[in-house]
Amino acid sequence: MSDTSRVPSGSTLEIRDLHVNVADKEILRGVNLTVRAGETHAIMGPNGSGKSTLAYAIAGHPKYTVTGGQVLLDGVDLLELTVDERARAGLFLAMQYPVEVPGVSVSNFLRTAVTSVRGEAPKLRQFAKDLKSGMDALSIDAAFAQRNVNEGFSGGEKKRHEILQLELLKPKIAVLDETDSGLDVDALRVVSEGINRFRSNGETGVLLITHYTRILRYVKPDFVHVFSAGRIVEQGGPELAERLENEGYEAYTKASA
Amino acid sequence: MGLDTAKPLSTLHEKASYDVADFAVPTGREEEWRFTPLSRLKGLHEGVAASANVVVHVDAAPEVTVETVGRDDARLGRAYVPADRVSAQAYASFEKATVITVAREAVASTPTVVTLTGSGRGAAYGHTVVKLEPMAEAVVVLDHQGSALYADNVEFVVGEGATLKVISLQDWADDAVHVSHHHALLAKDATFRSFVVTLGGDLVRLSPSVSYSGPGGDAELNGLYFVDAGQHLEHRLLVDHSRPDCRSNVDYRGALQGQDAHAVWIGDVIIRVEAEGTDTYELNRNLLLTDGARADSVPNLEILTGEVTGAGHASTSGRLDDEHLFYLQARGIPYEDARRLVIRGFFAQLVEKIEVSELRERVLARVEAELEK
Ligand SMILES: Nc1ncnc2c1ncn2[C@@H]1O[C@H](COP(=O)(O)OP(=O)(O)OP(=O)(O)O)[C@@H](O)[C@H]1O
Ligand SMILES: [Mg+2]
């Protein structure tokens, strides 16, 4: 892996003609999308259109088979890398359904992850401080550090835990898969603030998958893409999101059928 | 199984005798021997004569009495009658026994560590009695090391209101063969905690059992095993609820890796007609880390009364969960580290049950060493 191609102003994720199969069925049918540093792209689309498939395929989940295309992060083909190498290259996926990992405590997990991504163990004191302020900012009770990863967390707690990781791991590109679903108004605000802190330096890119414009009022997108039947069928600015929420996806699902 | 008041007899483990001749030489077709590779017992089931020693060293708490006694000592064989051929052979063959006594109301201030070290190729037989008089409390560690062909019986006699915590480490050398019975007899309101850790040996067959002589007894039997290529590690549990209002909980977890790594877990629980108000649960989980490993897991719950508080069992054998590994790897954690985290997590809830922190650390260190292999 080389970092030499990284330009100082930030990173670029390029998805080129991506085709993905799940269980021998073609789900993604040629996705093209470029996310540059400082940009936030929203992807909206009906249930089952392949949004999570896109997210998982980029991250390298073994269930998803890439049958064509490329995913480049600053020119490096992520598809050639293992899941953990992709994360260390600067990719982060906040999952729609975060996984419970029995017997592994949040603090141990986070310390191990930070150590892996940074290539060296953080100073214990500094890490404890960062963890505490990160948890405070997301209104996560300190007791969660001793609990097992996502085990028994409510839907909203899981999502906040995802954003905590985002802030600690400081990736170049974040893919957020329905991070807003299942959040009440307060949690949505807290989580949005976390995402905004992450993108405030202008050097990171965000790909935000959602069904609702609610989160887009807090996390303003630069571009909105409509996803249907495994590809992007329409692009526009924030106004497109409003239109989708009012009119639904019918126009697009018909068009692509 | 189920309610049958006309014939309230258990079909599990009814046979018991001090006499070897009462048990036929196993052929491998018997229910209780069918999982054990008899050829690897090196004659323990066929009456091979003792020709070696397992050296017993006891580092006892000051409140605890330790004696080495002959076969005729009246305290031997009181709590337990051998339940199979090898156990009877061991009972007939040992020369000296170790008797550890904790006097009435005495509270042992430190763990009593019994180190059993095998030193040779010949067969050896042993017998140990740990006796807690009423209201006494103690922690006993049995630490098995070295190379041995060893069969033994251990009796835990837990008096009224007494509390005994036992940790048995089978940390044998690769070629060791060990067949052992651990029997605990719990008097009224006695508490028994057993934590078995089996890591070493070519073949280990350990049969922990519990019976009750009064109401209110409380037994927890926990076990952890790590089976490597070619190893056969077998645990056969039997909890015999014959008194009312007793409790038992069994939790055995193992990880297996390598060609012909073989784990066997048998969990028999009998709730007899008299044992109303019994509360029991048994669990066995196996983690198959590679191809070529095999886990046999057989829970048997025989309920002869309708008046139980709770009775259940669960048994699972499976691979590492891809979703767990993906989640950790998606956070930059390399595969090998992610795997170790998940395996450690699998054992963590179990190891947490070891209340003595010094012993918990010791067990964790041994698990850690297995993971580094
Ligand atoms: N294991 C599988 N076998 C067959 N089809 C699958 C499998 N997993 C996912 N799919 C299908 O792939 C399609 C895309 O699913 P995906 O989860 O990517 O949709 P989504 O756009 O994220 O939907 P949602 O809005 O509900 O989250 C769906 O039709 C789904 O049924
Ligand atoms: Mg989805």
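Remember, it's a predicted structure, so these values are computed and weren't measured experimentally.

**Digging into the overall build of chain B**
Phase 1 of the analysis: Secondary structure assignment for chain B yields four helices and 16 strands.
Phase 2 of the analysis: In terms of C-alpha radius of gyration, chain B reaches 20 Å, essentially the compact-globule figure of 21 Å for 373 residues.
Phase 3 of the analysis: When each of the 373 residues of chain B is scored for burial, the buried share is 59%.
Phase 4 of the analysis: For chain B, the accessible surface area stands at approximately 14100 Å², while carbon and sulfur atoms represent 48% of it.
Phase 5 of the analysis: Here chain B contributes 35 positively and 56 negatively charged side chains, and the mean placements of these two sets differ by 2 Å.

**Points about the coordination of the magnesium ion (ligand 2)**
Residues and elements named next belong to chain A.
Phase 1 of the analysis: For the magnesium ion (ligand 2), the full set of protein donor atoms is Ser-52 (OG) and Gln-96 (OE1), at a range of 2.0 to 2.2 Å. Highlighted residues: Ser-52 in helix α1 (residues 51–59) and Gln-96 in the loop between β6 (91–94) and β7 (101–105), separated in sequence by 44 residues. The burial state of Ser-52 is the same as that of Gln-96; both residues are buried.

**As for unusual backbone geometry**
All names here are of chain A.
Phase 1 of the analysis: For Asn-150, which is not glycine, the phi torsion reads 60° and is therefore positive.
Phase 2 of the analysis: Note on placement: Asn-150 falls in the loop between β8 (148–149) and α5 (155–169).
Phase 3 of the analysis: The class of Asn-150 is buried, set by a relative accessible area of 0%.
Phase 4 of the analysis: The phi angle at Glu-178 is positive, at roughly 50°, despite the residue not being glycine.
Phase 5 of the analysis: Of note, Glu-178 is situated in the loop between β9 (173–177) and α6 (185–199).

**Looking at the site of ligand 1**
All names here are of chain A.
Phase 1 of the analysis: Taken together, the neighbourhood of ligand 1 is formed by 15 residues, with Gly-48, Lys-51, Ser-52, Thr-53 and His-211 sitting nearest.
Phase 2 of the analysis: A distance of 2.9 Å is found between an oxygen atom of ligand 1 and a backbone nitrogen or oxygen belonging to Gly-48.
Phase 3 of the analysis: Here Ser-49 contributes a backbone N or O atom positioned 3.2 Å from an oxygen atom of ligand 1.
Phase 4 of the analysis: Compared with its free state, where it exposes 650 Å², ligand 1 has 67% of that area covered by protein.
Phase 5 of the analysis: The biggest single contributor to the shell around ligand 1 is α1, with three residues.

**With respect to the pairing of strand β10 (residues 218–227) of chain B**
Residues and elements named next belong to chain B.
Phase 1 of the analysis: A large share of β10 lies buried, amounting to 10 of its 10 residues.
Phase 2 of the analysis: Relative to strand β12 (residues 247–256), β10 runs parallel, the two sharing 10 bridges. In the sheet register, Glu-220 faces β12, and the bridge partner there is Asn-249.

**A word on the domain arrangement of chain B**
Residue and element names in this part refer to chain B.
Phase 1 of the analysis: Along its sequence, chain B is carved into domain 1 (20–319) and domain 2 (320–373).
Phase 2 of the analysis: The gap between the C-alpha centroids of domain 1 and domain 2 is 25 Å.
Phase 3 of the analysis: It is Leu-224, Phe-226 and Arg-253 that lose the most area in domain 1 upon contact with domain 2, and together they represent 22% of the buried surface on that side.
Phase 4 of the analysis: Summed over the shared surface of domain 1 and domain 2, the result is five salt bridges.
Phase 5 of the analysis: The salt bridge involving Arg-366 is made with Asp-171; its shortest N-O contact spans 2.5 Å.
Phase 6 of the analysis: Remark: the boundary between domain 1 and domain 2 carries nine residue pairs in polar contact (both at pLDDT 80 or more).
Phase 7 of the analysis: Looking at the side of domain 1 that touches domain 2, the elements with two or more residues in it are β5 (137–158), β6 (163–170), β8 (191–198), β10, β12 and β14 (279–288).
Phase 8 of the analysis: A per-element tally of the side of domain 1 that touches domain 2 places β10 first, with six residues.

Rules of the game
- Residues numbered from 1 in each chain as written.
- Chains lettered and ligands numbered in written order.
- Predicted model: local features only at pLDDT ≥ 70, side-chain atom pairs only at ≥ 80, totals over all residues.
- Heavy atoms only, no water.
- Helix = DSSP H or I, 4+ residues; strand = E, 2+ residues; numbered from the N terminus.
- Rg over C-alpha atoms; globule rule 2.2 N^0.38 Å.
- Buried < 20%, exposed > 50% of the residue type's maximum accessible area, 1.4 Å probe, protein only.
- Areas by Shrake-Rupley, 256 points an atom, 1.4 Å probe, with all protein chains shown as cover.
- Lys, Arg positive; Asp, Glu negative; His and termini not counted.
- Charge placed at Lys NZ, Arg CZ, Asp CG, Glu CD.
- Donors = N, O, S within 2.8 Å, 3.2 Å for Na, K, Ca; no water.
- Near = heavy atom within 4 Å.
- Polar contact = N/O pair within 3.5 Å; in protein donor to acceptor, adjacent residues only side chain to side chain.
- Pairing = 2+ DSSP bridges.
- Domains from an automatic or database assignment.
- Buried area = accessible area lost by both parts, 1.4 Å probe.
- Salt bridge = Lys/Arg side-chain N within 4 Å of Asp/Glu carboxyl O.

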